[in-house]
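# Understanding the architecture of this molecule
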Amino acid sequence: MLRLRRAAVACEVCQSLVKHSSGIKGSLPLQKLHLVSRSIYHSHHPTLKLQRPQLRTSFQQFSSLTNLPLRKLRLSPIKYGYQPRRNFWPARLAARLLKLRYLILGSAVGGGYTAKKTFDQWKDMIPDLSDYKWIVPDIVWEIDEYIDFEKIRKALPNSEDLAKLAPDFDKIVESLSLLKDVFTTGSPGETAFRATDHGSESDKHYRKVTDKEKIDQLQEELLHTQLKYQRILERLEKENKELRKLVLQKDDKGIHHRKLKKSLIDMYSEVLDVLSDYDASYNTQDHLPRVVVVGDQSAGKTSVLEMIAQARIFPRGSGEMMTRSPVKVTLSEGPHHVALFKDSSREFDLTKEEDLAALRHEIELRMRKSVKEGCTVSPETISLNVKGPGLQRMVLVDLPGVINTVTSGMAPDTKETIFSISKAYMQNPNAIILCIQDGSVDAERSIVTDLVSQMDPHGRRTIFVLTKVDLAEKNVTSPSRIQQIIEGKLFPMKALGYFAVVTGKGNSSESIEAIRDYEEEFFQNSKLLKTSMLKAHQVTTRNLSLAVSDCFWKMVRESVEQQADSFKATRFNLETEWKNNYPRLRELDRNELFEKAKNEILDEVISLSQVTPKHWEEILQQSLWERVSTHVIENIYLPAAQTMNSGTFNTTVDIKLKQWTDKQLPNKAVEVAWETLQEEFSRFMTEPKGKEHDDIFDKLKEAVKEESIKRHKWNDFAEDSLRVIQHNALEDRSISDKQQWDAAIYFMEEALQARLKDTENAIENMVGPDWKKRWLYWKNRTQEQCVHNETKNELEKMLKCNEEHPAYLASDEITTVRKNLESRGVEVDPSLIKDTWHQVYRRHFLKSALNHCNLCRRGFYYYQRHFVDSELECNDVVLFWRIQRMLAITANTLRQQLTNTEVRRLEKNVKEVLEDFAEDSEKKVRLLTGKRVQLAEDLKKVREIQEKLDAFIEALHQEK
């Protein structure tokens, strides 16, 4: 009885607490009560004990979805068959209530204080944001002026209405139980029986299946599962590829308005390009990883690389060697499938057949251009970048195929050259060797496997690829042989991984998509997979490219920092060497030195225009006379003067001058002018500049001078205009004053004296030294010189007898001279007499002409009277005045052509030559040489490589 009364009291207390709770309007549902109170209420309330419903009834009665509010219980007398004992229970109840109140009040005060303290700590930790109110718009701070939050709060439903909207989980459980009873038929024993019976039938069925069929069935299921997930993976990769393409296209169009950084693989490719130009003596170009594609000729190297690049980018030929030089292909991801060369800005769209054909043609042209005359292959690397969505990032180098026999049309050293090129790339300790083996031929015919095993005997960086597996499966009688090839049991080499691929049906016009579909279809139906000779991850070029890319980046991460450290040490050594050897010079590399030399050469060409006109004319006049003096003396003056008649002299002179002007003189004058320009240009180019002179430019200046002179041609119209001027100058015979007359006599005397000196030297060489030289220098005459001397003496006696003797000897005179010499015991030939006579008479005539020239000094008066009533005739002086005047006028005309036209054209040629030299790196290397140049070049390359490596390492760490 006491227990029942206490339960009723506790229930009423809980209801009263719920009724008088602050902040809650109306009555709460039963679910809001304390669990203990609710359990007591359900199990001990006296009004419900008589009519206690079942579980489902209570579930419905106290559901939160009922529309009836819960009844409010009041304290009332108990009238259910018992009487309470009289005691002081109100006092005890009040004491308990007071105790409960203090507990609640104490907890509230303590909790409030703790909450306030925690809030104050948090508040102190929050920074003062009052200075940043400007970031939030003003409307946010004034939002309470526009929105009535009190009205919104009153419009919201109270907690009781929200509780009514919650689902009745007890009712849902009851509904599920009813559904389970409906669908469950038969007894549990019957169900178990059926299961046991079915199991027995299955055992009987499987016992009929042999073990071999079980294995085949399991392998087929495994294969189908692998292919299923492979197709799912391909589909996801394709979707990812399209999504990345869209993202890259948006970034490429600037939609996101952010600057795209250079990709890692592009940065790495730039490092390799700089290394390829570095001095090979340091062996630095072989320390960074790249994927080296090697294989026998026609093994499918190019086809595998094209499948990885997803484009038919290489020239093809049936059985002919097409790869004649290494091709470095940098694969990177981009929005468009394009290709471009390192030294060109043209992009080839790989989705268009026209651009693909143009790219293949360009690669073939570059290969043939790099091959030197007399060779078949070249070690010069062609750098190509291929970008596209979904491409694996890596750097591959396609090498010429290894051959066993040199055929006709090839250089004799082709085989050795290919081996040396392949070894140079494979001996790099960080290079990944992609060994390509043709699966359709006998493994014993392979050459490349022995070469690879020599370079990488432990197989730590080799990936073996078997191509043309479709032909191999069709032709090879034993499939296990293919398995042995894949597992590396038929070759002495080892490898990291073994792959099998199919590169098409052998048709060069097949597209990459068609080859990929054919490859997937073949491996789906291949016995090699069904019989587990090959694993699913070992087939298709897609899996191969993923594996190669992973291996490539692993090698890069492991070796790039070590390589950067080695370059730091190399840079320090080079900088120290430069400081010790060239402390006062700037570190100018070959290109910078070329630019400096280019400016100096152009300045020297411009200095030609600063030459004075007087200097030009003097040089031109002197040079032209030296060129034509022999012709004037020998062919014009002497034949005319030897006629001994003034009329015949003038006639002969006019005829010969006219012929000379029409045929030879203008051309000779242009030649002299061009040679004079060359001499002046050479003088400015080669003369030392004092302390500022740098002999490192001498070879370059000499080459520029020679090439510019070679390209320069004088104006074709110069000779025609010059011919008219020279003809008019030579026809003029009017000497205006005595000064010109004296200048002509002086010019004539110089010319005749120079000829007389030359004639005396010729006679001295003919007859030998005279008696003074023989006594002083102990020299003797030869037998021939003695004969010439005797003949000379005999001819001089003849001239003394007849000083007016003509220029030619008569036959009887030759006979007389020969007999006189024979009488003295000297045997002579008539031809020797004639040769000696020519020099003797020439000397005699020149001496006579000089004497006559001296007499003509006072002949200007007779010239003005046209030599009337005078025995003195100075026609030869008039001739030399005409020659002298022609030389002056010609020099003036040539000087005008030089300064107005030819110097500018020469300057233009020099600029063109310098531009051509600037584009020819080989010529710059040949012309700018020396330890200083090479040291500066190495120092610049090392700095550039180190900077690019540091940037690449930083980007690599950021990507991690």
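Small disclaimer: the values here were computed from a predicted structure and weren't measured.

## Focus: the nonpolar core
By size, the foremost hydrophobic cluster in this structure holds 101 residues, and its most contacted members are Trp-625, Tyr-637, Trp-660, Leu-677, Trp-741, Ile-883 and Val-910. With 17 residues, helix α34 (residues 875-919) is the single largest residue contributor to this core. With sequence-adjacent residues up to four places away left out, Ile-883 is seen in contact with Trp-625, Val-632, Leu-657, Trp-660, Leu-730 and Phe-747. In terms of nonpolar packing, the next biggest core, distinct from the first, is built from 67 residues, Ile-265, Val-548, Val-556 and Ile-953 among them.

## Observations concerning the sheet that holds strand β6 (residues 394-398)
Within the open sheet, the nine strands sit side by side as β4-β3-β5-β2-β6-β1-β7-β8-β9. Their pairing is mixed. Pairing within the sheet leaves two strands with one partner each, and these edge strands are β4 (348-349) and β9 (497-500). Of the pairings in the sheet, the one linking strand β2 (residues 327-333) to β6 comprises five bridges and is antiparallel in character. Within the sheet, the bridge partner assigned to Leu-331 lies in β6 and is Met-394. Strand contacts of helix α16 (residues 448-455): β1 (291-295), β7 (432-438) and β8 (462-467), with the helix running at about 160° to β7, the strand carrying the most contacts.

## Observations concerning the confidence of the model for the protein
Of all residues in the protein, 70% attain a pLDDT of 70 or more, and the chain-wide mean is 76. Mean pLDDT values for the elements of the protein range from 36 in helix α4 (residues 55-61) up to 92 in β1. Confidence drops under a pLDDT of 50 for residues 1-86, and excluding neighbours within four residues, the segment shows 72 contacts in the predicted structure. The model gives residues 253-260 a pLDDT under 50, and that stretch makes five contacts with residues more than four places away or in other chains.

## Some details on the environment of Arg-733
Within the secondary structure, Arg-733 is located in the loop between α27 (717-731) and α28 (738-767). With 149 residues separating them in the primary sequence, Arg-733 and Arg-882 have C-alpha atoms 6.5 Å apart. Excluding residues within four positions of it along the chain, Arg-733 makes contact with Asn-650, Asp-654, Tyr-863, Val-878, Trp-881 and Arg-882.

## Concerning the state of the cysteines
Following the criterion strictly, the structure yields one disulfide and no others. Through a disulfide, Cys-856 is tied to Cys-874; the S-S separation comes to 2.1 Å. Between Cys-856 and Cys-874, the S-S dihedral sits near -100°, and the bridge is therefore left-handed. Highlighted residues: Cys-856 in the loop between α32 (830-855) and α33 (860-864) and Cys-874 in the loop between α33 and α34, separated in sequence by 18 residues. With no disulfide partner, Cys-853 has as its closest neighbouring cysteine sulfur the one in Cys-856, 6.5 Å distant.

## Let's talk about the side chain of Glu-510
Relative to the helices and strands, Glu-510 is located in the loop between β9 and α19 (512-525). The exposure class of Glu-510 is buried, given its relative accessible area of 12%. The residues contacting Glu-510, other than those within four sequence positions of it, are Arg-312, Gly-504, Lys-505 and Ile-515.

## Describing helix α13 (residues 301-309)
Across the nine residues that make up α13, a large majority, nine, are buried. Within α13, the full set of buried residues consists of Lys-301, Thr-302, Ser-303, Val-304, Leu-305, Glu-306, Met-307, Ile-308 and Ala-309. Immediately beyond the C-terminal end of α13, within one or two residues, lies Gln-310, with a positive phi of roughly 65°.

## Quick notes on unusual backbone geometry
Within the chain, Ser-298 stands out as a residue other than glycine whose phi angle is a positive 65°. Mapping Ser-298 onto the fold places it in the loop between β1 and α13. At Thr-540, a residue that is not glycine, the phi angle is positive and equals roughly 75°. With respect to the helices and strands, Thr-540 occurs in the loop between α20 (527-530) and α21 (541-581).

## Structural notes on the side chain of His-337
One can find His-337 in the loop between β2 and β3 (338-341). Among the polar contacts listed, one links the side chain of His-337 to the backbone oxygen of Ala-309, at a separation of 3.2 Å. If we skip the residues at most four places from it in the chain, His-337 touches Ala-309, Gln-310, Ala-311, Phe-348, Asp-349, Leu-350, Thr-351, Val-386, Lys-387, Gly-388, Pro-389 and Leu-391.

## Things to note about the pairing of β9
Two faces, one strand: in a regular strand the side chains alternate between the faces of the sheet. The alternating pattern of β9 places Gly-497 and Phe-499 and Tyr-498 and Ala-500 on opposite faces, both of which are buried. Pairing of β8 with β9 involves four bridges; the strand directions are parallel. Bridging from a neighbouring strand, Val-465 pairs with Phe-499 of β9.

## Remarks on the packing of α28 against helix α30 (residues 783-801)
Two numbers describe how α28 lies on α30: the axes approach to 7 Å, and their chain directions differ by 125°. By the angle between their directions, the pair α28 and α30 is classed as oblique. Seen from α28, the contacting residues are Ile-763, Asn-765, Met-766 and Val-767; seen from α30, they are Gln-785, His-788, Asn-789 and Lys-792.

Criteria and cut-off values
Residues numbered from 1 in each chain as written. Predicted model: local features only at pLDDT ≥ 70, side-chain atom pairs only at ≥ 80, totals over all residues. Heavy atoms only, no water. Core = buried A, V, L, I, M, F, W, Y, C linked by side-chain atoms within 4.5 Å. Buried < 20%, exposed > 50% of the residue type's maximum accessible area, 1.4 Å probe, protein only. Helix = DSSP H or I, 4+ residues; strand = E, 2+ residues; numbered from the N terminus. Contact = heavy atoms within 4.5 Å. Pairing = 2+ DSSP bridges. Axes fitted to C-alpha atoms, helices over the stretch in contact; angles between N-to-C directions. pLDDT = per-residue confidence, 0-100. Disulfide = S-S within 2.5 Å. Polar contact = N/O pair within 3.5 Å; in protein donor to acceptor, adjacent residues only side chain to side chain. Parallel < 35°, antiparallel > 145°, perpendicular 65-115°, else oblique.

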